[in-house]
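# Residue-level structure breakdown
The primary structure of each chain is shown beneath.
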Amino acid sequence: MTLYRELAAEVAGMIESGILRPGEKIPSVRNMCKRRKLSQSTVLQAYHELEDRGQIEARPRSGYVVSAYWKDMPREPAMSRSPRAATTVAVADLVFDILDATRNRALVPLGSAFPSPLLFPLPRLAQLLGGVARHLDPWATVTDLPPGSWELRRQIARRYLMAGVQVPVEDIVITSGAMEALNLCLQAVTQPGDIVAVESPAFYGALQALERRGLRALEVPTHPRDGVELDSLERMLRKHDVKACWFMSSFQNPLGGSMPEENRQRLVTLLKARDIPLIEDDVYSELYFGGEPPRPLKAQDRSGLVLHCGSFSKCLAPGYRIGWAAPGRYARQVERLKFTASISTTVAAQEALARYLGEGGYEYHLRRLRQALQTQQNQMLQAIGRHFPTQTRVSRPRGGYFLWLELPAAVDALELNRRAAAQGISIAPGPMFSAKRQFTNCIRLNYGHPWSQQIEDAVAAVGRLAAAM
Ligand SMILES: Cc1ncc(COP(=O)(O)O)c(C=O)c1O
């Protein structure tokens, strides 16, 4: 365990056993550094982790205190267990039925996959898009073929560099959202019938992509805080001929977990030793809470086996459909696949985003967005604590905008979904995140919308429906 995690676990233990009570101060950062001979960044990292879990909070001029409401918060869910065999995937009907319902604007969007559009700088982007469209070089429509706009790829390469990852501009391929990037990467590294390791529960888009390509899913147990469980993965790799992995290292959808640094290193080493490509679905990493951005698995990759996929859909421009792949040694293959799949991605949208990134306002926007999401997460956790059955367990992601709830075993999430929809509320039921339709008593809730009485009432209504079941 890293030093900061040890310290966070120790202070959490003091809070949970009642040695430190709500409202009481915890040792200041300076004091803790001196007493424990730790660096300031280690102590701050530990305190940020406790802050993200809702156990402590920073108070102006008095340092950190134990949060007043942490006890009202439901417990975290346990790690998932998965079937041992690889599964043919058939989720399409279930997923489309549920997604059809979330499209209805009249529903309170607790089941939505998107945060509120009000949180994005859409007016500025529209101005830039208008300007770009008016002055677009007519030849750009002919010359900006895959891999895509050079200036946008340069801006993306610059952001990689800031995150400590070296990706040459030439190795970035612009795509229509991360979904196209992920599908193209999957196509580059698999043949129909192959086995692909995915998390359990997994993003339903990953399951749909596997189904579309006739691949089999090997669902790996996944921890709600630390992501995919590596001992299980290692055992599974020994038994099955896995041709690729599709994992999320940061703020996994739907659990919200993020892999600790030491697991990231171990995962990349494990796969390198077996020459297994890893598709890294990394669409939420900009939405981290606390001081430290997570570093992608790509940062550890020296052999070009990590195909990193990102997007602006979740953090800047949802409708623009701009994503990218940095597919390492598969870059040329993915570039060609992009060409045959859709020729290129809308030129004006690429240029508008490139200009926005060049202007320098992106960091400011991200800081505000992260702050809003963190506040909304706390509001939703507290509302769940107030309105859901006491046995409910809830994840505590340190970023993104989803909570994963494990309800009492008697609750049927699909039936809960039907009853909630009848009351004008969408939720995302657990079975849509599993090839085997597991997680029958789990749901995913979205806290990406500014808190309102309507959302509070909707959470209360779903809690009442769950309690009645
Ligand atoms: C985990 C995950 N990956 C990929 C995507 C697709 O991203 P995009 O909208 O950029 O295609 C989503 C969207 O919901 C997602 O949740």
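Residues numbered from 1 in each chain as written. Predicted model: local features only at pLDDT ≥ 70, side-chain atom pairs only at ≥ 80, totals over all residues. Heavy atoms only, no water.

### With respect to the pattern of salt bridges
Enumeration according to the criterion identifies 20 salt bridges in this entry. Ionic pairing is found between Arg-266 and Glu-234, a salt bridge with its closest N-O pair at 3.0 Å. Of this pair, Arg-266 sits in helix H11 (residues 261-274) while Glu-234 is found in helix H10 (residues 230-239), placing the two residues 32 residues apart along the sequence. Given a relative accessible area of 32%, Arg-266 falls into the partly exposed group. (Salt bridge = Lys/Arg side-chain N within 4 Å of Asp/Glu carboxyl O. Helix = DSSP H or I, 4+ residues; strand = E, 2+ residues; numbered from the N terminus. Buried < 20%, exposed > 50% of the residue type's maximum accessible area, 1.4 Å probe, protein only.)

### Brief notes about the packing of aromatic side chains
This structure, assessed with the given rule, holds eleven aromatic pairs. Relative to Phe-439, the ring of Trp-404 lies with its centre 5.7 Å away and its plane at 80°, an arrangement referred to as edge-to-face. In this pair, Trp-404 is assigned in strand E14 (residues 402-406) and Phe-439 in the loop between strand E16 (428-429) and strand E17 (442-446), connecting sequence segments 35 residues apart. In this pair, the class of Trp-404 matches that of Phe-439, namely buried. Between Lys-314 and the ring centre of Phe-114, over which it is positioned, the NZ or CZ distance is 4.7 Å. Above the face of the Phe-402 ring, Arg-444 is positioned so that its terminal group lies 3.8 Å from the ring centre. (Phe/Tyr/Trp six-rings, centres within 6.5 Å; stacked < 30°, edge-to-face > 60°. Lys NZ or Arg CZ within 6 Å of the ring centre and 35° of its normal.)

### Things to note about empty space enclosed by the protein
Scanning the entire structure with this criterion turns up three cavities of 30 Å³ or more. Roughly 40 Å³ of internal volume is contained in the largest cavity. Forming the walls of the largest cavity are Val-268, Leu-271, Lys-272, Ile-276, Leu-278, Asp-301, Ser-303, Leu-305 and Val-306. Counting residues per element, the lining of the largest cavity draws most heavily on H11, at three residues. (1 Å grid on protein atoms, 1.4 Å probe; cavity = no way out; pocket = protein on both sides within 12 Å on 5 of 7 lines; lining within 4 Å. Points joined across faces, edges and corners; volume = space filled by probe spheres on them.)

### Looking at the site of the ligand
As a structural note, the neighbourhood of the ligand is formed by 14 residues, with Asp-281, Tyr-284, Ser-311, Ser-313 and Lys-314 the closest of them. The cavity that encloses the ligand is the largest pocket. Across the shell around the ligand, the residue classes break down as seven nonpolar, four polar and three charged. (Near = heavy atom within 4 Å. Sits in = over half its atoms within 2 Å of the grid points. Nonpolar A, V, L, I, M, F, W, Y, C, P; charged D, E, K, R; others polar.)

### Overview of the packing of H10 against H11
At a minimum axis distance of 11 Å, the contact between H10 and H11 shows a crossing angle of 5°. The angle between H10 and H11 places the two elements in the roughly parallel class. Side by side, H10 and H11 meet where Leu-230, Asp-231, Leu-233, Glu-234 and Leu-237 of the first sit next to Asn-263, Arg-266, Leu-267, Leu-270, Leu-271 and Arg-274 of the second. For the contact of H10 with H11, the per-class residue count stands at six nonpolar, one polar and four charged. (Axes fitted to C-alpha atoms, helices over the stretch in contact; angles between N-to-C directions. Parallel < 35°, antiparallel > 145°, perpendicular 65-115°, else oblique. Contact = heavy atoms within 4.5 Å.)

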